Amino acid sequence: MQLTVLGAGAWGTALAIQAAQRHPVTLWARDAEQAKALQAARRNDRYLPEVALPERLRVTADMDAALAAAELIVVASPMAGLRGLLAACPGEVPLLWLCKGFEAGTGRLGHEIARELGRRQVGVLSGPSFAQEVARGQATALVAASEWPAVAELAVRAFHGERLRVYTSTDPVGVEVGGAVKNVMAIATGVADGLREQAEAAQDWANAPGLNARAALLTRGLAEMTRLGVALGAKAESFLGLAGLGDLVLTATGDLSRNRKVGLLLAQGLALDEVLGRLGHVAEGVYSARTVLARGEALGLDLPITRTVVALLEGRLAPAQGLALLMNRDPRAEI
């Protein structure tokens, strides 16, 4: 199969490397100088410097040339670039996107953007996955979700192998909501972990949110994710799968998680601008949190963790105040 991956960031490069073990792959970079450097060095020195590009992986900045023979297109841009790339791609070629989050301004998920553009034969590839591990060939499982089963099966043909398992789903709404909301919950978990580190250093146990608190936060975060997803038309069981619980656990607890890092730095008392400056990469949860809250409130949903994260990001709450606010909510039935 001839694959084209649009976007030469960490995740696009990692999947292109894996697919190129079995298929001819073209990796498109928006910047011509970056494409030239990748092609010459045969590695992505900015994002994945330790992993060589396979011989069957071609890099170009010419989009027409990249799309010319594609049998499957994979969009590996941040959410902000999805609409433009969807519009630029030929409508007859099946397409998957990797981005997780909501579109700024419209608040749309990927499948909603595709529907607005009249695109068919599209879907999302998601799940618990750090690009660095995928590029190295470390064991990973993903889920390909589409209203068109043939598109999900194409993802299996393209990527499924000994080190990368790809499951299929007919619930792109659930997979996309899971991929977007878990980033918000990872910020909350990072804040709690950062507060714990500080309190433990001072042996202030009463104010140290421990592993019990982390477990509670993840569980209640999953409940918020599920409530929003079901209200938007998702299947509840999708949130117990790879793109729900799986991606939530990875992003909220993994040391490679950018969104968790945001929470850790906020817990140190840094302002959001300084946090993002130190991060140096996109953390989709920072931009998704307000949209998650707005879409939930429009549906009459109570999303207390999301609401607290938004207040933290906007500087209206200090980290310790946010934790206290969640712990002091009125008792209620769990389900």
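Residues numbered from 1 in each chain as written. Predicted model: local features only at pLDDT ≥ 70, side-chain atom pairs only at ≥ 80, totals over all residues. Heavy atoms only, no water.

Some remarks on the UniProt feature "binding site: NAD(+)" (unreviewed entry) in the protein
UniProt's feature table lists "binding site: NAD(+)" (unreviewed entry) at Gly-7, Ala-8, Gly-9, Ala-10, Trp-11, Gly-12, Ala-131 and Arg-258, given in the numbering used throughout. Those residues in contact with Gly-7, other than ones at most four positions away along the chain, are Gly-12, Thr-13, Leu-27, Trp-28 and Ala-76. Take Arg-258: it is sitting in helix H11 (residues 258-267). Leaving out residues up to four positions away in the same chain, Arg-258 has contacts with Leu-279, His-281, Val-282 and Ala-283. (UniProt positions renumbered as here; feature names shortened; annotations may be inferred. Contact = heavy atoms within 4.5 Å. Helix = DSSP H or I, 4+ residues; strand = E, 2+ residues; numbered from the N terminus.)

Description of helix H13 (residues 284-298)
Between its first and last C-alpha, H13 extends 21 Å over 15 residues, near the 21 Å set by a 1.5 Å rise per residue. All of the buried residues along H13 are Glu-284, Gly-285, Val-286, Ser-288, Ala-289, Thr-291, Val-292, Leu-293, Arg-295 and Gly-296. For H13, the secondary structure elements touched by its buried residues are helix H5 (110-116), helix H8 (172-201), helix H9 (211-231), H11, helix H12 (272-279) and helix H14 (304-313). Positioned one or two residues after H13, Gly-300 has a phi angle of 75 degrees, which is positive. (Expected span 1.5 Å × (residues − 1). Buried < 20%, exposed > 50% of the residue type's maximum accessible area, 1.4 Å probe, protein only.)

Notes on the domain arrangement of the protein
Along its sequence, the protein is organised into domain 1 (3-170) and domain 2 (173-328). Listed by partner, the interface residues are 28 residues for domain 1 and 25 residues for domain 2. Here domain 1 packs against domain 2, burying approximately 2100 Å² in sum over the two surfaces, 67% of which is carbon and sulfur. Three residues, Lys-100, Phe-102 and Phe-130, lead the burial of domain 1 against domain 2; their summed loss comes to 34% of the area buried on that side. At the boundary of domain 1 with domain 2, the tally comes to two salt bridges. Between domain 1 and domain 2 we count eight residue pairs in polar contact (both at pLDDT 80 or more) in total. When residues of the side of domain 1 that touches domain 2 are traced back to their parent elements, those giving at least two are H5, strand S8 (122-126), strand S9 (140-145) and strand S10 (164-169). The greatest single-element share of the side of domain 1 that touches domain 2, amounting to four residues, is contributed by S9. When the residues that make up the side of domain 1 that touches domain 2 are grouped by side-chain class, the tally is 14 nonpolar, ten polar and four charged. (Domains from an automatic or database assignment. Buried area = accessible area lost by both parts, 1.4 Å probe. Salt bridge = Lys/Arg side-chain N within 4 Å of Asp/Glu carboxyl O. Polar contact = N/O pair within 3.5 Å; in protein donor to acceptor, adjacent residues only side chain to side chain. Nonpolar A, V, L, I, M, F, W, Y, C, P; charged D, E, K, R; others polar.)

Topic: the nonpolar core
In this structure, Leu-15, Ile-73, Trp-97 and Phe-159 are the most contacted members of the largest nonpolar core, which totals 67 residues. The element that contributes the greatest number of residues to this core is helix H7 (residues 149-159), accounting for seven residues. Discounting chain neighbours no more than four positions away, the residues touching Leu-15 are Leu-98, Leu-125, Val-134, Leu-142, Phe-159 and Leu-164. Formed by 43 residues, the second largest nonpolar core is a distinct cluster that contains Ala-192, Leu-228, Ala-234 and Val-286. (Core = buried A, V, L, I, M, F, W, Y, C linked by side-chain atoms within 4.5 Å.)

Some words on the environment of Ala-311
Mapped onto the secondary structure, Ala-311 falls in helix H14. Under the relative-accessibility criterion, Ala-311 is labelled buried at 4%. The residues contacting Ala-311, other than those within four sequence positions of it, are Arg-316 and Leu-317.

What about the UniProt feature "binding site: substrate" (unreviewed entry) in the protein?
UniProt records the feature "binding site: substrate" (unreviewed entry) for Lys-100, Arg-258 and Asn-259 in the present numbering. Spatial clustering of the annotated residues is evident: they stretch over 160 residues in sequence, but the largest pairwise C-alpha distance comes to 13.1 Å. Summarising the element assignment, Lys-100 is placed in the loop between strand S7 (95-97) and H5. Its relative accessible area of 14% is what places Lys-100 among the buried residues. Not counting residues up to four positions away in its chain, the partners in contact with Lys-100 are Ser-126, Gly-127, Ser-129, Gly-179, Ala-180, Lys-182, Asn-183, Asp-247 and Glu-284.

Side note on the packing of H8 against H14
The packing of two helices is summarised by the inter-axis angle and the distance between the axes. Between H8 and H14, the least distance of the axes is 9 Å, while the angle of their chain directions is 70 degrees. If you check the angle between H8 and H14, you find them roughly perpendicular. As for how H8 packs across H14, the hand of that crossing is left-handed. Contact with H8, carried on its side by Val-184, Met-185, Ile-187, Ala-188 and Val-191, involves Ile-305, Thr-306, Val-309 and Leu-312 of H14 and no other residues of that element. Here the residues of the contact of H8 with H14 sort into eight nonpolar, one polar and no charged. (Axes fitted to C-alpha atoms, helices over the stretch in contact; angles between N-to-C directions. Parallel < 35°, antiparallel > 145°, perpendicular 65-115°, else oblique. Left-handed = near helix turned anticlockwise from the far one by under 90°.)

Observations concerning the pairing of strand S1 (residues 3-6)
What you see with S1 is no split at all: Leu-3 and Val-5 on one side and Thr-4 and Leu-6 on the other are buried throughout. In this region the chain leaves S1, passes through helix H1 (residues 10-19) and returns to the parallel neighbour strand S2 (residues 25-28); the handedness of that crossover is right-handed. Taken together, the four bridges between S1 and strand S6 (residues 72-75) define a ladder with parallel strand orientation. Bridge assignment links Val-5 to a residue of S6, and that residue is Val-74. (Right-handed = clockwise from strand over helix to strand, strands pointing away. Pairing = 2+ DSSP bridges.)

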